[in-house]
Protein chains: 2
Amino acid sequence: MSGLGLSLIGAGRGEPGGPTFTGWNPAEGVALEPRYHAARPEEVERACSLAAAAAPSFAALSSRQRAVFLEHIAEALLAAEADFLAVTPKETGLPVARIQGELGRAAGQFRQFAKLLEEGSWVDARIDRAMPDRKPLPRADLRSMLRAVGPVAVFGASNFPLAFSVAGGDTASALAAGCPVVAKAHPAHPATSERAALAIRAAVAACGLHEGVFSLLFDAGTEVGASLVRHPAIRAVGFTGSRGGGQALMALAAARPVPIPVFAEMGSINPIFILPSALASRPQAMADALAASILQGAGQFCTSPGLLVAVEGPGYEAFRERLVEKLGAAPAAPMLTRTIAERFREGVGRLAARSDTRTCVKGESQAARGAAALFEAEATHVLAEHALTEEVFGSCAVVTRARDVAELLRVASQLEGQLTATVMMDAADESLAADLLPTLTDRVGRVLMNGVPTGVEVCPAMVHGGPFPASSDGRFTAVGTGAIRRFVRPVCFQDVPDSLLPPELRAENPLSLWRTVDGVLKRE
Amino acid sequence: MSGLGLSLIGAGRGEPGGPTFTGWNPAEGVALEPRYHAARPEEVERACSLAAAAAPSFAALSSRQRAVFLEHIAEALLAAEADFLAVTPKETGLPVARIQGELGRAAGQFRQFAKLLEEGSWVDARIDRAMPDRKPLPRADLRSMLRAVGPVAVFGASNFPLAFSVAGGDTASALAAGCPVVAKAHPAHPATSERAALAIRAAVAACGLHEGVFSLLFDAGTEVGASLVRHPAIRAVGFTGSRGGGQALMALAAARPVPIPVFAEMGSINPIFILPSALASRPQAMADALAASILQGAGQFCTSPGLLVAVEGPGYEAFRERLVEKLGAAPAAPMLTRTIAERFREGVGRLAARSDTRTCVKGESQAARGAAALFEAEATHVLAEHALTEEVFGSCAVVTRARDVAELLRVASQLEGQLTATVMMDAADESLAADLLPTLTDRVGRVLMNGVPTGVEVCPAMVHGGPFPASSDGRFTAVGTGAIRRFVRPVCFQDVPDSLLPPELRAENPLSLWRTVDGVLKRE
């Protein structure tokens, strides 16, 4: 399969004319065919206008009709496995097994939303029936449900070319909500993006939907993305990437005549708190698990652990030494792009140059390859210096030595917003864990115990998000069925005749939804 | 009851030292006793620090414990009725019956949230149980629920001195969520604000809660409010008022090192679409109902109708003439403040001076009194001139004459975000109403038929909010139990031992909540 290198605008294609770029093979350091053409301004305009035109009919589909569409997308993605295996490893440096797993995850996300829509109760239908005889004033009939906000701009992430990119979680949740999507391809994997877009477009056609339900734009720089966020038809933005990128989009969106929300997932250092009894009882096992988590995917996960906090005492040295051994033995791994590899080297270099860190592991990182790095710092320094808790995207962590439990708790209480925090504990640590928990739940989206933060399950209970700066709005998750909430808003219908109501709110409850009727949840 | 004129900082009081101001009787045009002292910077700091200190224990209360607290507030508010009746009519110009009604509504809001908390399922508990044998990877145990975001700043609204002010819906929903509140009194009703704050503070004491759960700050200008929004302890803002005020707070909040959400409800023109058959069959009855809605509370409601769109034809003249008659006969009514009355006169003057409007009613508005105004304009002009659809806060409406149904639909499709839209229809209008509905639901928070938009029911299905500029974030309602969603975010617990989980997520379901277990809603 060889791509055309042109944006997909509804059922059509863009044209050459704008700046161009190519994919790049990070493992071999060579540019890839074909050349991709950035969308021209009139193509951005057309994609957004088509999305606006598609919005009413797409939003008016029943949840169940949209479920069928999502199933079609899942099928089309899986059917393209051979194509993805031909292009994605080349342009990302990721191994075939990872691409296979991620494809399954991407398809699985669409299927999980399809299941949510099939059941249908996610619309949070609320019905307060009329009370014509109420004194002093009668009550009207009031019915509300969640409805699509309108076209959503989705920015593909570099680090999950399938599961968080063009056909990733943002696209799946926006389409599930009933919002047309205009996606902006990440320039690090244009061929993968094009192939994923073709799969979605095939599903749009197969289901007879308006072509504006989905478009994909290529961008050689930041111009296309910026015009997309500024376009009046766009009602919300989904983004996964760097803090700088996310904040730039937030500023653009807030400065619009009509501001719109940006859901930017910007990563974090995902602190690990190793409690004393656990540290004493199983230092090597924990170090093994954490080293594997730090090394996984060359550390290029939003949830990669970057700060390991332990109290000095029994097990501490063994824990650190085992980490040194494991991370030191790992070969330098290809990173996703040259830029990511350069930034990783800069970050590692900054930590190595500090007088308040001790360099434990720092291998040779060349070209697009990054070698794991480990530093050690005293908790007093971590408390004093914000630079020690800034994310270095890649396999890089700082072991933080606390003198006592109070200092460990202080480190927790100074954390900025995080996607995750992990507590390693034994039964004897339970009371300390109970003390730590409120501090962590105030600062993170997901607290986990005796596990590793990498590996984000796609399920109803998942929260992948967290207080700023982990994400732009910690009230929403980017992963799991809860992600649909980002792209809907409630609309209330007062005294609207039954025949004009959406089926979700009709008296007969034709879809058999769980609904809150006069304050009571029921399915009748 | 005579106020002290000093801020309420936790269990203590502020001190004189900052700028001062007084309440003002709009009906008599005289200043009121006592003099109020703006909170000094150290008092803002102390109120916010106390709120931050109170946050963990307040959030850790069970929903049911917080329900008891809310019931105490409702009791304390009702017990202070005589005090409110002594001060509120004087400083607002509102009649006694309105104050009594609003007090009932304010207390009722706390009770409605108490009921929601008693039942408890609002936390949206989701449980995905571990699958240790799943292939290729086991699934961890994942459980999530909504938790308080932390201290909330609440700005009292001028137009509802009880139901949307210090003890109003924002405070009720924030406290219900488990968020301490630092309220900023509206300078138009300081005595009412002080009395309401004393009621909440009495409930804090009666329930043995941390004093930081509630504080009230006075402000002579905008300094105190601005420092409040900038304070790092504040995690969200609730505001009801003008678009200028709301946008200023949005800008402040977005510029913080850690941005926070502002829930600003900024009003709208609440368009009314009168469909042809209804217009022909009952022009006078609709005019009577709409005139009463326009005149209600001197038009000082967020939901007051400001744009009446009808197609010329049978009933049109009778409708307009009856409106002219009713609005022309209404005496000038005292408005809440001199500033509001001045802005109303300016707005009416601007509409009267235009060449594309015809002045139908324009009484004498003097001092703090406002006389109802009615203008007529052709739909073509309304479509061409944004100024004709800008809100004039007060009893002021523009009758818009459409030449045909298509023009009426075009007016609807050009609307900016609105709190409400109303359709007046008969059975013969149903197909036109069906055409209009998707356009309206895309632009408003609440669509109503054959009613008036004033009168916002407090109930689970209510949506009081709408796309910008009606509110800053149309994904949330400011009225009804859904308002609690503004001040919570989901937190996920992965493999956390049952003993360390909040009761809402424990295996035994000790609170008998409705929970989503492995994707299925159940109560076991």
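Everything numeric here is computed off the predicted structure, so don't read it as measured data.

**Some thoughts on the overall build of chain A**
Now for step 1: Counting its secondary structure elements, chain A contains 15 helices and 23 strands.
Now for step 2: Relative to the compact-globule value of 24 Å for 524 residues, chain A shows a C-alpha radius of gyration of 25 Å, a close match.
Now for step 3: Projected onto the principal axes, the alpha-carbon positions of chain A cover approximately 70 × 65 × 40 Å.
Now for step 4: At a minimum sequence separation of 6, the contacts of chain A that also span at least 24 residues come to 75%.
Now for step 5: In the structure as shown, chain A presents an accessible area of about 17800 Å², 54% of it carried by carbon and sulfur atoms.
Now for step 6: Across chain A, the 50 positively charged side chains and the 54 negatively charged ones have centroids separated by 4 Å.

**What about the side chain of Arg66 of chain A?**
Now for step 1: Its place among the elements puts Arg66 of chain A in helix H2 (residues 63-79).
Now for step 2: The residues touching Arg66 of chain A, leaving out its near neighbours within four places in the chain, are Phe58, Ala59, Leu61, Leu117, Trp122, Leu175, Ala176, Ala177 and Gly178 of chain A.

**Quick notes on the relation of the copies chain B and chain A**
Now for step 1: Superposing chain B onto chain A takes a rotation of 180 degrees plus a shift of 0.0 Å along the axis, which leaves an RMSD of 0.0 Å. Here the transformation between the copies is reduced to the relation of a two-fold axis. Among all residues of chain B, the one whose C-alpha sits closest to the rotation axis is Ala254 of chain B, at a distance of 3.9 Å.
Now for step 2: Interface residue correspondence from chain B to chain A reaches 100%, placing this contact among same-surface, isologous pairings.

**What to know about the packing of aromatic side chains**
Now for step 1: What the rule picks out here adds up to 20 aromatic pairs over all chains.
Now for step 2: Seen in terms of ring centroids, Phe155 of chain B and Phe239 of chain B are 6.1 Å apart; in terms of plane orientation they differ by 70 degrees. Their pairing is edge-to-face. With a gap of 84 residues between them, Phe155 of chain B in strand E7 (residues 152-155) and Phe239 of chain B in strand E10 (residues 236-240) connect regions that are remote in the sequence. Each member of the pair Phe155 of chain B and Phe239 of chain B is classed as buried.
Now for step 3: Joined through ring pairs, the aromatic side chains of Phe263, Phe476 and Phe487 of chain A together with Phe263, Phe476 and Phe487 of chain B make up one cluster.
Now for step 4: The aromatic ring of Phe160 of chain B is capped on one face by Arg98 of chain B, whose charged end is 4.9 Å from the ring centroid.

**Describing the sheet that holds strand E13 (residues 307-311) of chain B**
Now for step 1: The sheet built from twelve strands is open, its strands ordered E23(A)-E22(A)-E5(A)-E6(A)-E21(A)-E20(B)-E19(B)-E12(B)-E13(B)-E18(B)-E17(B)-E15(B) with mixed pairing. Each edge of the open sheet carries a strand with a single partner, namely strand E23 (520-522) of chain A together with strand E15 (358-362) of chain B. The mean inter-strand angle of the sheet, taken between neighbouring strand axes irrespective of direction, is 20 degrees.
Now for step 2: Pairing of E13 of chain B with strand E18 (residues 396-402) of chain B involves five bridges; the strand directions are parallel. Bridging across to E18 of chain B, Val309 of chain B finds its partner in Thr400 of chain B.
Now for step 3: The strands touched by helix H15 (residues 430-441) of chain B within the sheet are strand E6 (142-148) and strand E21 (488-494) of chain A together with strand E12 (272-274), strand E19 (418-424) and strand E20 (444-449) of chain B, with E20 of chain B carrying the most contacts at an inclination of about 155 degrees.

**Details of the pairing of strand E17 (residues 373-378) of chain B**
All names here are of chain B.
Now for step 1: For E17, a buried count of five out of six residues is recorded, marking the element as mostly surrounded by other parts of the structure.
Now for step 2: Pairing between E15 and E17: four bridges, direction antiparallel. From the neighbouring strand, Lys362 faces E17, where its bridge partner is Ala373.
Now for step 3: Pairing between E17 and E18: six bridges, direction parallel. If you follow Ala373 over to E18, its bridge partner there is Cys396.
Now for step 4: Following the chain from E17 across helix H13 (residues 379-384) to the adjacent parallel E18, one finds a crossover that is right-handed.

**A word on helix H10 (residues 283-295) of chain B**
Residue and element names in this part refer to chain B.
Now for step 1: Counted at 1.5 Å a residue, the expected span for H10 with its 13 residues is 18 Å, and the 18 Å between its end C-alpha atoms agrees.
Now for step 2: Buried within H10 are the following residues: Pro283, Met286, Ala287, Leu290, Ala291, Ser293 and Ile294. Down the axis, H10 shows its buried residues gathered within 160 degrees of arc, on one side only.
Now for step 3: In this structure, the buried residues of H10 make contact with E12, helix H9 (276-281), E13, helix H11 (316-329), E18 and E19.
Now for step 4: Count one or two residues on from H10 and you reach Gly297, which has phi positive near 55 degrees.

**Observations concerning the pattern of salt bridges**
Now for step 1: By the definition in use, this model includes 66 salt bridges over all chains.
Now for step 2: Across the salt bridge formed by Glu43 of chain B and Arg40 of chain B, the nearest N and O atoms sit 2.8 Å from each other. With respect to class, Glu43 of chain B is no different from Arg40 of chain B; both count as buried.
Now for step 3: The structure contains a network of salt bridges with shared partners spanning Glu312, Glu317, Arg320, Glu321, Arg358, Glu376, Glu378 and Arg401 of chain A.

**Brief notes about the domain arrangement of chain A**
Residue and element names in this part refer to chain A.
Now for step 1: When its domains are assigned, chain A resolves into domain 1 (8-107 + 148-266 + 474-486) and domain 2 (272-449).
Now for step 2: Computed over C-alpha atoms only, the centres of domain 1 and domain 2 are separated by 33 Å.
Now for step 3: Each partner contributes to the interface: domain 1 provides 16 residues, whereas domain 2 provides 15 residues.
Now for step 4: Both sides of the domain 1 and domain 2 interface together cover about 1200 Å² of buried area, and 60% of this is carbon and sulfur.
Now for step 5: A per-residue breakdown of the area domain 1 buries against domain 2 is headed by Trp24, Asn159 and Glu265, which together make up 37% of the total.
Now for step 6: Linking domain 1 with domain 2 are one salt bridge.
Now for step 7: The salt bridge involving Arg243 is made with Glu416; its shortest N-O contact spans 3.4 Å.
Now for step 8: Counting across the domain 1 and domain 2 interface gives two residue pairs in polar contact (both at pLDDT 80 or more).
Now for step 9: A per-class count over the side of domain 1 that touches domain 2 returns seven nonpolar, five polar and four charged.

**Digging into the interface of chain B and chain A**
Now for step 1: Residue-level contacts link 62 residues of chain B with 63 residues of chain A.
Now for step 2: Both sides together, the interface formed by chain B and chain A hides about 5300 Å², and carbon and sulfur atoms give 57% of it.
Now for step 3: The largest share of the area that chain B buries against chain A comes from Arg475, Arg489 and Leu500 of chain B, three residues that together contribute 14% of it.
Now for step 4: At the junction of chain B with chain A, the criterion picks out four salt bridges.
Now for step 5: Here Arg235 of chain B makes a salt bridge to Asp442 of chain A, at a shortest N to O gap of 3.0 Å.
Now for step 6: The tally of links from chain B across to chain A stands at 29 residue pairs in polar contact (both at pLDDT 80 or more).
Now for step 7: Counting residues per element, the ones that place at least two in the side of chain B that touches chain A are strand E5 (126-128), strand E6 (142-148), H15, E20 and strand E21 (488-494) of chain B.
Now for step 8: The class makeup of the residues in the side of chain B that touches chain A is 35 nonpolar, nine polar and 18 charged.

**Focus: empty space enclosed by the protein**
To find leftover empty space, a probe the size of one water molecule is rolled over the atoms.
Now for step 1: The full count for this structure, using the stated rule, is seven cavities of 30 Å³ or more.
Now for step 2: Taken together, 33 residues line the largest cavity, and the ones lying closest to its centre are Phe476 and Arg485 of chain A together with Leu146, Phe476 and Arg485 of chain B.
Now for step 3: Within the lining of the largest cavity, the residues separate by chemical class into 19 nonpolar, six polar and eight charged.

**Examining unusual backbone geometry**
Now for step 1: Cis geometry marks the peptide bond from Glu33 of chain A to Pro34 of chain A; its omega dihedral reads -15 degrees.
Now for step 2: Despite not being glycine, Asn509 of chain B has its phi angle at roughly 50 degrees, a positive value.
Now for step 3: We classify Asn509 of chain B as buried; its relative accessible area is 5%.
Now for step 4: The backbone of Ser512 of chain B shows a phi angle near 55 degrees, a positive value even though the residue is not glycine.
Now for step 5: Secondary-structure assignment places Ser512 of chain B in the loop between E21 and strand E22 (515-517).
Now for step 6: With relative accessibility at 40%, the residue Ser512 of chain B sits in the partly exposed group.

Scoring rules and cut-offs
Residues numbered from 1 in each chain as written. Chains lettered and ligands numbered in written order. Predicted model: local features only at pLDDT ≥ 70, side-chain atom pairs only at ≥ 80, totals over all residues. Heavy atoms only, no water. Helix = DSSP H or I, 4+ residues; strand = E, 2+ residues; numbered from the N terminus. Rg over C-alpha atoms; globule rule 2.2 N^0.38 Å. Contact = heavy atoms within 4.5 Å. Areas by Shrake-Rupley, 256 points an atom, 1.4 Å probe, with all protein chains shown as cover. Lys, Arg positive; Asp, Glu negative; His and termini not counted. Charge placed at Lys NZ, Arg CZ, Asp CG, Glu CD. Least-squares fit on C-alpha atoms with pLDDT ≥ 70 in both. Phe/Tyr/Trp six-rings, centres within 6.5 Å; stacked < 30°, edge-to-face > 60°. Buried < 20%, exposed > 50% of the residue type's maximum accessible area, 1.4 Å probe, protein only. Lys NZ or Arg CZ within 6 Å of the ring centre and 35° of its normal. Pairing = 2+ DSSP bridges. Axes fitted to C-alpha atoms, helices over the stretch in contact; angles between N-to-C directions. Right-handed = clockwise from strand over helix to strand, strands pointing away. Expected span 1.5 Å × (residues − 1). Arc of directions from axis to C-beta. Salt bridge = Lys/Arg side-chain N within 4 Å of Asp/Glu carboxyl O. Domains from an automatic or database assignment. Buried area = accessible area lost by both parts, 1.4 Å probe. Polar contact = N/O pair within 3.5 Å; in protein donor to acceptor, adjacent residues only side chain to side chain. Nonpolar A, V, L, I, M, F, W, Y, C, P; charged D, E, K, R; others polar. 1 Å grid on protein atoms, 1.4 Å probe; cavity = no way out; pocket = protein on both sides within 12 Å on 5 of 7 lines; lining within 4 Å. Points joined across faces, edges and corners; volume = space filled by probe spheres on them.

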